[in-house]
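# Structural features, examined
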Amino acid sequence: MSPDHCSTDGGTEQLVEAQPETALDTARHQLVRAASQIDVDQNIVERLTHPRAVHEVTIPLRRDDGTVEVYQGYRVQHDNVRGPYKGGLRYHPHVSREESIGLAMWMTWKCAVVDLPFGGAKGGVNVDPKDLSDDETERLTRRFTNEIRNVIGPMTDIPAPDMGTSAQTMAWIMDTYSVQEAETSPGVVTGKPTSIGGSRGREEAPGRSVAIIGREALDYYERPIEETTVAVQGFGSVGANAARLLDDWGATVVAVSDVNGAAYDPDGLDTWAIPTHDVEPEAVTKHATEVLSNEELLELDVDLLIPAAVGNVITEANVSDVEANLIVEGANGPISFAADAILTDRGIPVVPDIIANAGGVTVSYFEWLQDINRRAWTLEEVQDELEEVMLTAWEAVRREREAHEVTWREAAYILALTRIAEAHESRGLWP
Ligand code: GLU
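Residues numbered from 1 in each chain as written. Predicted model: local features only at pLDDT ≥ 70, side-chain atom pairs only at ≥ 80, totals over all residues. Heavy atoms only, no water.

### Here we look at unusual backbone geometry
Cis geometry marks the peptide bond from Trp 430 to Pro 431; its omega dihedral reads 5°. In this model, Glu 282 sits at a positive phi of 55°, which is unusual for a non-glycine residue. Its relative accessible area of 24% is what places Glu 282 among the partly exposed residues. (Buried < 20%, exposed > 50% of the residue type's maximum accessible area, 1.4 Å probe, protein only.)

And the structure:
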């Protein structure tokens, strides 16, 4: 037994307090909690506690200096009862089997909340992309694609960008897969460049949905957006697009951050003047008159807090310092299960990731439709359809929240689980 674990009398293992909650711990706790609130077949819940498949591969990479390094790659396929597996690939040193399973589970719920005909998957490589040259990233991506080639495909499992991967990464995957299939297969990945079947509006879609859901949540709590202060952790594609849209719609964005810290102005920042991570990486604090730490940003007394950087940033250790009136999750899993319960006790509503940032996978779905039909949509069509999907999902979650008198997160889970359980019941278990 590892020293981080202790055994209870019942013989089951219990995590000691020092052990941080993993994405998988959080995802499983959330599932069990939602399942306890509705009448759902426990056999289906048991099925959903485990992924359908975990593909683990090793990826040898020839570095530019001729040495070879070997990385671990994962593709976890959680559930596909409602359609092909769908979800991102991340390049990050923390990528692991456990994290990929937790994130794949969240994708299953996310697709169901916005009612897409997809299941959930996730994966990635345990590499720091900042350590690689462009050529090395391309070689790593092509070799990884080769290793998971037999388990992905336009009708089976469709990867997309996530932390540390980009439209270019998707282009290499699409090309490698297409060359091996001897046909052009744009539908094998989403989040591609528009020149090869990517969708207009895909890049900004997760941030746009966070802003739409933030706007609806403020409206629900009768807070006029023009009188709202907002703090956003992270200024990548999710955080920057959410901050800029809310800024455009009249909110006062008082703080945004990257890994180096936060730019802060109580009178409101010009979010368009701060370069996004893609344009100039890690430049937020260079453009600041006042700099705060990321921890201080999370403690600001604002109307709306959007953690849109990485997972597990609000935990038992800092949750009592959170002063925001409302939290909308931009990143996947930014709040631990334990911290979430404390926020509920403190009366701070949290709108969960599985609805708030679902705009990314929603526009991925639009991209997949465009690829299959070989017909591109206009940006206006994409934005109008996204708005409709998000508002429909918001209404459905709101109804569940009121019907069951639960939190926003529990309501989103209840909606997702009900839809997934219905599909499992209809299809049955074979044999
Ligand atoms: N990686 C994104 C997410 O976590 C998008 C997934 C997709 O488009 O398939 O939602």
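### A few points about the side chain of Asp 353
Here Asp 353 shows up in helix α10 (residues 353-356). A relative accessible area of 2% means that Asp 353 is categorised as buried. Here Gly 333 takes part through its backbone nitrogen, which lies 2.7 Å from a polar atom of the side chain of Asp 353. When residues no more than four places from it in sequence are discounted, the contact partners of Asp 353 are Lys 110, Glu 329, Ala 331, Asn 332, Gly 333, Pro 334, Ala 358 and Arg 409. (Helix = DSSP H or I, 4+ residues; strand = E, 2+ residues; numbered from the N terminus. Polar contact = N/O pair within 3.5 Å; in protein donor to acceptor, adjacent residues only side chain to side chain. Contact = heavy atoms within 4.5 Å.)

### What about the environment of Leu 415?
Tracing the sequence through the fold places Leu 415 in helix α13 (residues 408-427). On the basis of relative accessibility, which here comes to 6%, the residue Leu 415 falls in the buried class. Residues within four places of Leu 415 in sequence aside, it is in contact with Val 113, Ala 396, Val 397 and Glu 400.

### As for the site of the ligand
The local shell around the ligand holds 14 residues, among which Lys 86, Lys 110, Pro 161, Asp 162 and Ser 364 are the closest. Here a nitrogen atom of the ligand and a side-chain polar atom of Asp 162 are 2.7 Å apart. One of the side-chain N or O atoms of Arg 202 is found 3.1 Å from an oxygen atom in the ligand. Burial of the ligand by the surrounding chains reaches 94%, relative to a free accessible area of 290 Å². (Near = heavy atom within 4 Å. Areas by Shrake-Rupley, 256 points an atom, 1.4 Å probe, with all protein chains shown as cover.)

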